[in-house]
Amino acid sequence: MDMTTCLKSLLLAVHQYRDGRTAQNAAQLQRLVEEMSGLKYDQLLSSGQVMPRECVRGLVELSGNPNTSPTLTSSIISLLSQLACDDDSLEILNSRYNLTSTLASVVHCHSATPGEPLVLQCLQLLQKLTYNTRVFQSTNYIHELVAFLITNIQSHNDDIIMPCLGLLVNLCRDNRSVQRHIKSLDHVKPFYRTLINFLAHNSLTVVVFTLSILASLTLNEKVGEKLFDATNIHQTFQLVFNIIVNGDGTLTRKYSVDLLVDLLKNPKIAEYLTRYQHFSACVSKVLGLLQSKDPDSAAKVLELLLAMCSVSGLRPLLCEVVFRPVAGHKLGGAGRSRRGGGADDGRKAESGLSLVQWLSSPVEGAESCSLQTLQLLNELLEEALGSDSVSECVLSFVEMLLPVLLGLLRGLDPSQGDAHLRKHCHRVTHVTSLLLVLCAEDSTRSLVSRQVSAQLGLSQVESLLSLACNPSGSDSDLSQVCADALLKTLELMSKLRQQVKDMETSFYRMLQDQRIVTPLSLALTSHHRERVQTGLSLLFEASPLPDFPSLVLGESMAANNAYRQREAELSVKRVAVQEVPPSSILDCSSGSSRSIHSLVDKIQNGLELQEHEKDSHVSQIIDVYEQKLSVFASKETCLQDLLEAKALALSQADRLIAQYLFEQAQAEAEACKLGSLLKEAERRREDLQGELSNQVQEVELSKADIEELLRHNARLQQDSDTHQDLKGVYNALLNRFNESERLLKELQTAHISLTKQSDALRKNHEALQLQHQKTASGLEEREEEIRSLGSDLQQKNSDITGLRGELRAEEEKLQEKDREKRELEETVDVLRKELNKTEQARKEASIKASSLEMQKSTLETKLKQKEDELSKHSSMIAMIHSLSSGKMKSDVNLSL
């Protein structure tokens, strides 16, 4: 069954089931839904066809009806999940069909059984629908859905916890109304405790979801300050980077990137990241993810890098990681970055190359990655070129980047439709913006001027002018995009007109083209500051030119301003007509606010009058009125939310009415076309009926003519048979005569050829005899050579045998040497051990010898002292002895 037939059958089955909810109709509808789920379809909702939209509208209504069976609802939700295959389909399901409210109502109806597969299906589809989409607090069943999520997150059912966490992350992110509603709940503190306990969960996905919810709810409160303070934030950074690099899959990586992007919006946490020690190593690993071919992962990585570029302290560190490795890869000597020096150099060498490869990647869906890469390179090169001196690594990177950028400027094919043209113009705008950044510095401008030619700029401007000024194009957005690309290209030509040959001539020639008026007037009357500045700079260059259409430019600008003013007046009238109930609400709220202010004035005046009196009830009255004021403020906030929701609902209603009118006009046009086709068919049938009657008459006349012709043909056939017999006899005689002549000529020719062959054979025989003699002599010489070669071969074989023997002997000697070497090594080891022992003994002996020397010196000192004493004693003895000997002599003399 093809897609159209299946859609028609499905729409019919939806109407039948809506009219009569019988079991047969339900079974038929479920069978068709399952068949539809088995078909392959791409961007069915965004194709603009009426039939798919009607089918989806009917299915959404049935899925939101509580009377629909759960099995059929599950099949419908499964089909809607398959239809939500791209961003455009998700946007259509959200805006036109209000699928978020429908799924929230289904979850609310089955909230008593949260583990049911239907509830899980709804939660998973809601997670896809609400990702990067703001859900208003006034959406139906949104409060019930939030209560359901919080209740089941605090349960112990692991199957329901993860989808509830993921959906709550989407609802809380950048949504102040939902955050305010959750904070106002009575049981929010136990919910915070449950989330904090989840930080130790085994699943990385649960941890990322928990951190995201805590960041959305508590980042600017005391709980958030404790969770993300200076002591914990580095661990959080390491955890998030590890999950991004080694996560459980694309979903975990996507939410991890979103978490880090949200944290970077806080100035304090951004400052913490600039001081993070392992930042360069982590960014290098994150850049390694760009080497994969997954455009979704690459898009999230590039989104993270762009968010980091918004922090001024991180931009120089990113430049070090992206640019320096490329120079090290080329020059072979670049040092590591000052942070994260332990990262793998091979991975870092691929960082810049991976970015360049995504610029022209052939992977499907890589167009957004290419634009993100251009924006990232724009930020990084602007930072790198803004320094005092441009390093060689940046210049080498720019030299490698330029051919890829110039290749992106090609590939314009107007026959591929508006979507391709819009993508190409966006790409041209980003590429020329990057080239303008490169032209801001002299060294890189010289590199650009060597690769850009005047012919390239001229061809780009011509092609973009043909798109921007196409009178048949009704898409104003496409015209604006083409105008932006054109003005950027002209600005680039203005920057390079002095460096590139013939660029100045081409630039001034394009400025004097009459077609330049439309994009220039769009830029000058734009509300974007950058467009106006670009337009003014080009106008300053073009106004002195003689053929510049200044009058036409003025008229075009006036027409643009008048058109904008008319659109503004119509929009104001439309809003005034559509927003009558909100205006009355605003009047009531303003009246209540005036009454509140008057009460406050009265209280203040009363307090001033009773300034010197002590009234005990004044403080109580103040408390009562403060409570009333807070209640009125909360009511005013709710009224503001209701106004926003009402405005959104009115805009959605406008879109639905416009869509219905368009579909009605389309249906009426198709009905008119079918009526005209029916009338044409009736007219052709009448013409064919008249032609058929004429053909019948002609057939009857033809039958009579055919009978007459058949009789005449029979007579002619008889004459032809007689003629054929005579002709046969004549041909037989003629053939015999021709055959005889042919045989005679063949015999004569054969005789002549045989004579010639005999002569040739005789000559060939003589030549062959001579050749045989030469061959025999040559053969004898070859045999002699063969015999000599055989003897040489035998000699070589004998030599080889001898050499093999010598080789074996040498191998045996080598083995013997190896064995001796091993023995010597063992002996050396033993000797080393003995030497170590001897050395140890020598050290001990030297220690003992030194101690003995000290003892010897001590003893010598003592000995000298003893010898001194002994000499003293001996001198005293000698003196005594001398004295005693002198006395004796005197006695002898006296006696004599």
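Structure's up top.
In this report, we go over the structure that sits alongside the text. (Residues numbered from 1 in each chain as written. Predicted model: local features only at pLDDT ≥ 70, side-chain atom pairs only at ≥ 80, totals over all residues. Heavy atoms only, no water.)

Before going further, it helps to examine the overall build of the chain. Looking only at helices and strands, the chain features 33 helices and zero strands. Counting over 896 residues, the chain shows a buried share of 35%. Restricting the contact set of the chain to residue pairs at least 6 apart, pairs at least 24 apart contribute 74%. Per element, the accessible surface of the chain, about 54400 Å² overall, is 55% carbon and sulfur. (Helix = DSSP H or I, 4+ residues; strand = E, 2+ residues; numbered from the N terminus. Buried < 20%, exposed > 50% of the residue type's maximum accessible area, 1.4 Å probe, protein only. Contact = heavy atoms within 4.5 Å. Areas by Shrake-Rupley, 256 points an atom, 1.4 Å probe, with all protein chains shown as cover.)

On the surface, a nonpolar cluster with roughly 320 Å² of combined accessible area is contributed by Tyr730, Leu734 and Phe737. Tracing the sequence through the fold places Tyr730 in helix α33 (residues 618-895). Residue class for Tyr730 comes out exposed when judged on its relative accessible area of 52%. (Patch = residues over 30% accessible without salt bridge, like charges linked within 9 Å, V, L, I, M, F, W, Y side chains within 5 Å. Salt bridge = Lys/Arg side-chain N within 4 Å of Asp/Glu carboxyl O.)

This part covers unusual backbone geometry. In this model, Asn98 sits at a positive phi of 50°, which is unusual for a non-glycine residue. Its relative accessible area of 32% is what places Asn98 among the partly exposed residues. Positive phi, normally seen in glycine, also occurs at Tyr141, with a value near 65°. Relative to the helices and strands, Tyr141 resides in the loop between α7 (117-130) and α8 (142-153).

A grouping of Glu780, Glu781, Glu783 and Glu785 is seen on the molecular surface, where their side chains present a negatively charged patch. Turning to its location among the elements, Glu781 is positioned in helix α33. (Lys, Arg positive; Asp, Glu negative; His and termini not counted. Charge placed at Lys NZ, Arg CZ, Asp CG, Glu CD.)

Once that is clear, we can look at the pattern of salt bridges. For side chains bearing opposite charge, pairing can occur when the charged atoms are close. If you walk through the whole model with that rule in mind, you get 31 salt bridges. Between Lys183 and Glu221 there is a salt bridge, with the nearest N and O atoms lying 3.1 Å from each other. Remark: Glu221 occurs in the loop between α12 (204-218) and α13 (222-227) and Lys183 occurs in helix α10 (residues 176-183); sequence separation between them is 38 residues. Residue Lys183 is classed as partly exposed on the basis of its relative accessible area, which comes to 34%. Overall, the relative accessible area of 29% leaves Glu221 in the partly exposed class. Linking Glu746 and Arg742 is a salt bridge whose minimum nitrogen-to-oxygen distance equals 2.5 Å. Of this pair, Glu746 and Arg742 both sit in helix α33, separated by four residues, roughly a single helical turn. Judged by relative accessible area, which is 40%, Glu746 ranks as partly exposed. Judged by relative accessible area, Arg742 falls into the partly exposed class, the value being 36%. Residues participating in the shared-partner salt-bridge network are Arg173, Asp174, Asp258, Asp262, Lys265, Lys300 and Glu303.

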